[in-house]
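# Geometric and topological summary
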Amino acid sequence: MPDFDLVHKQLLRNGVNKKLLWTEYVEHCRLGGQIPLMYSQFCYYIQQDEVKRHATMHLSHRPGDRIEVDWAGDPACYINPDTGEPVLVNVFIAVLSYSQYTFAKAYRDEKQHSWLQAHVDMFNYFGGTTRMLVPDNCKTAVIHTRNWYSQQLNESYHELAEHYNTGILPARVRKPKDKPAAEGNVGHTSTWIIAALRDEQFYSLTELNNAIAERLEAYNHRSFEKKDGSRYELFMEEERPTLKPLPEFPYELAIWKKAKVQYNYHVSVEGMLYSVPYTYIHKAVDIRLTDFSVEIYLNQSRIASHSRLHGRKGQYATNPAHMPEQHQKYLEWDGDRFRKWAETAGPNVCHVIHAILSSCRVEQQGYRSCMGIMKLHEKHGALMEQACQQALTYSPQPS
């Protein structure tokens, strides 16, 4: 008999077919003095072996145990009222494994923010959380390390799961049977919701989602084909009481990014710059970004936080405490402080300082000259008062 494990592996390789393998099998048998199978029998036994390899197992789910989530394969669309062009949007599907109770809603894209917002809306729709979340092996859920046995979760997704007190168990790559409820309902949703709305026109995402919500309600109340009741009845009677309660406060959507501290002790985030203590210059840091705040972490310890800037790109948020001491001193000096110092240094020094600041088109242009006079005064003391007196005899506005 052929080695069916070897045959199965060889058939997965490009260009290899049963005829080629049978020819090699016949040659091997003749060299060993054995009688080979005919080609028809060879194919028959391979077919029987493949049937055994496709055995499936029925999984019994417990109420409140898991939610399976995925994006629908077929997009929905609405009409842009300004241009008249169709706008394609993605439909998020979530299914409670036990009751098959389903949530569906359209979002503008499949990016991180939409992915997290979809989960927040899903938990609110179900009115509770389950023990596990089973997502696809997408980048918004899993950082791809090519090692299924030690998968690294996306930080933002992991933070959301921690907030809702649930665990994440990603499906294996290209293994839809790991989340059969979601995969099955993706097809049903495409038929009973997306396809059912194919001849209707919507002019905003809100209009589209209102129509999806109506179809979803009817879908969840539709009776099962092979058992009694509906998804809604099974959910309300058996699964809803077993869900864990929602947290007291809603989850604040947060995106995690990586950045390096620049030499000006700022990190660039979405075109804005936020300060960190200057001792962390050139360090790689993690940034937690929400709609209202920016938090900067190093080795899981927060080293800075700022209110998030909005509007024109290139704005700076600087905490003076993050600056080196000499920079802090420079920042502290302005025209009023130079004038106040000059009053203690003597009348002639005061006259020169006033003259320098008033002679510049922009007052800040005279700060370096004033700083130079201060340094000379520190070095020479009372001689500086005499020097300023002599300088004023040459010009009412000495440089």
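For the structure, check the block above.
Figured I'd write up the structure that's included with this text. Worth saying up front: this structure is predicted, and the values here are computed from it rather than measured.

What follows deals with the packing of helix α10 (residues 335-345) against helix α12 (residues 367-380). The axes of two packed helices give the description: the angle between them and the distance between them. Closest axis-to-axis distance for the α10/α12 pair is 11 Å, and the angle between their directions is 30 degrees. Relative to α12, the element α10 lies roughly parallel. Judged by the twist between their axes, the crossing of α10 over α12 is left-handed. Only Tyr-367, Cys-370, Met-371, Ile-373, Met-374 and His-377 of α12 make contact with α10, whose side of the interface consists of Gly-335, Phe-338, Trp-341 and Ala-345. A breakdown of the residues in the contact of α10 with α12 according to their chemical character gives 8 nonpolar, 2 polar and no charged.

Moving on: the sheet that holds strand β11 (residues 272-275). Strand order in the open sheet formed by 3 strands is β10-β11-β15, with mixed pairing between adjacent strands. In this open sheet, the two strands that pair with only one neighbour each are β10 (266-269) and β15 (316-317). With 4 bridges joining them, β10 and β11 adopt antiparallel strand pairing. Of the residues in β11, the one forming a bridge with Val-269 is Met-272.

A separate point is unusual backbone geometry. The backbone of Tyr-265 shows a phi angle near 50 degrees, a positive value even though the residue is not glycine. With respect to the element layout, Tyr-265 can be found in the loop between β9 (255-260) and β10. The exposure class assigned to Tyr-265 is buried, which follows from its relative accessible area of 8%. Here the phi dihedral of Asn-299 falls at roughly 55 degrees; this positive angle occurs in a residue that is not glycine.

About the cut-offs
Residues numbered from 1 in each chain as written. Predicted model: local features only at pLDDT ≥ 70, side-chain atom pairs only at ≥ 80, totals over all residues. Heavy atoms only, no water. Axes fitted to C-alpha atoms, helices over the stretch in contact; angles between N-to-C directions. Helix = DSSP H or I, 4+ residues; strand = E, 2+ residues; numbered from the N terminus. Parallel < 35°, antiparallel > 145°, perpendicular 65-115°, else oblique. Left-handed = near helix turned anticlockwise from the far one by under 90°. Contact = heavy atoms within 4.5 Å. Nonpolar A, V, L, I, M, F, W, Y, C, P; charged D, E, K, R; others polar. Pairing = 2+ DSSP bridges. Buried < 20%, exposed > 50% of the residue type's maximum accessible area, 1.4 Å probe, protein only.

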